[in-house]
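Report on the structure
Letter by letter, the chains look like this.
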Amino acid sequence: MIGLLSAMDEETELFRQNIQIEVSTTYAGITFNKGLLNGIEVVHSKCGVGKINAAAATQLMIDKFGVKSVIFTGLAGTLVPYLKRGDIVISNFVGQHDFDLTAFGKRPGQVTDGGRLIEADPKLVQIAAKAYEDTLAQNRKDAQMVVGTIVTGDSFVANSDRLKWLQREFGAVAAEMEGAAVGQVCQANKVAFVIIRVISDGASGDAAGQFIMFLDEASELSYKIVAAMLPQIK
Ligand code: ADE
């Protein structure tokens, strides 16, 4: 069983329209729709924004539906000058940028001894990259797709100093609010995961306005990548 997660209503709309829902169940206030997407069995949920919502939904997908792979899709702010709105970032690593035990001598984002970044499933990363290349890339000549580190925190980044710090401290290319929570729960349960993000804003200045204007378009891109990935996942 494959788990599909996004944070917001707009991001889940196309999934809801296209999944033939067999069962819809709510646990801990989060609704899970199980059914077929292009003939493939999936469970899909809108988890809400932030790390706690994402962690709860991921654990519930694992416990209640036995998912073996989790794909999280959504938007992200870019942390590097070469990525622009509409570009795609696929996580090879995720980390929590707001996890701070530096008072105890840990590095920023270091959750356990040595544990700072969590690796996404390499197979899912390759499947996501190929799905993009095979389905969308030809008609998006001006857009880029990169595999890179995504950092997560319970704040919307709209500040150029913070942006620079995130890039230099973590070597990250994009910031969002759920990925590392999904990653940590999946790692603890030995479940494969990948985070796929469409760049919506520059993580500084008017990032919030840029984000809202781009939500629908980005959600369609995410949906198309996931739909192309599904047949490749074992
Ligand atoms: N999701 C999209 N843009 C973001 C940003 N700038 N910060 C955090 N999450 C985001």
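Structural data are supplied above this passage.
In short, a report on the structure. (Residues numbered from 1 in each chain as written. Predicted model: local features only at pLDDT ≥ 70, side-chain atom pairs only at ≥ 80, totals over all residues. Heavy atoms only, no water.)

Let us look at the site of the ligand. Every one of the 13 residues lining the ligand counts as a neighbour, but Gly77, Phe156, Val157, Glu176 and Asp201 are closest to it. Backbone polar atom of Val157 to a nitrogen atom of the ligand: 2.8 Å apart, as the coordinates give it. At a separation of 2.6 Å, a nitrogen atom of the ligand approaches a polar side-chain atom of Asp201. Protein coverage of the free-state accessible area of the ligand, which is 260 Å², stands at 97%. Put simply, the ligand lies in the largest pocket. Counting residues per element, the ones that place at least two in the shell around the ligand are strand 5 (69-78), strand 9 (174-176) and strand 10 (192-201). Along the lines of polarity and charge, the residues of the shell around the ligand split into eight nonpolar, three polar and two charged. (Near = heavy atom within 4 Å. Polar contact = N/O pair within 3.5 Å; in protein donor to acceptor, adjacent residues only side chain to side chain. Areas by Shrake-Rupley, 256 points an atom, 1.4 Å probe, with all protein chains shown as cover. 1 Å grid on protein atoms, 1.4 Å probe; cavity = no way out; pocket = protein on both sides within 12 Å on 5 of 7 lines; lining within 4 Å. Sits in = over half its atoms within 2 Å of the grid points. Helix = DSSP H or I, 4+ residues; strand = E, 2+ residues; numbered from the N terminus. Nonpolar A, V, L, I, M, F, W, Y, C, P; charged D, E, K, R; others polar.)

The next point concerns unusual backbone geometry. In this structure, Asn38 takes a positive phi of about 50° despite not being glycine. Secondary-structure assignment places Asn38 in the loop between strand 3 (30-37) and strand 4 (40-46). One non-glycine residue, Lys190, adopts positive backbone phi at about 55°. Note on placement: Lys190 falls in the loop between helix 5 (179-188) and strand 10.

Across all of its chains, the model carries six aromatic pairs by this definition. Aromatic pair Tyr27 and Phe65: ring centres 6.2 Å apart, planes at 70°, arrangement edge-to-face. With a gap of 38 residues between them, Tyr27 in strand 2 (residues 20-27) and Phe65 in helix 2 (residues 51-65) connect regions that are remote in the sequence. Centre to centre, the rings of Phe156 and Phe211 are 5.6 Å apart; their planes meet at 80°, and the pair counts as edge-to-face. Here Phe211 lies in helix 6 (residues 207-229) and Phe156 lies in the loop between strand 8 (145-152) and helix 4 (160-170), a separation of 55 residues in the sequence. Taking relative accessible area as the criterion, Phe156 reaches 37% and is therefore assigned partly exposed. Through a chain of ring-to-ring contacts, three or more aromatic side chains come together here, namely Tyr27, Phe32 and Phe65. (Phe/Tyr/Trp six-rings, centres within 6.5 Å; stacked < 30°, edge-to-face > 60°. Buried < 20%, exposed > 50% of the residue type's maximum accessible area, 1.4 Å probe, protein only.)

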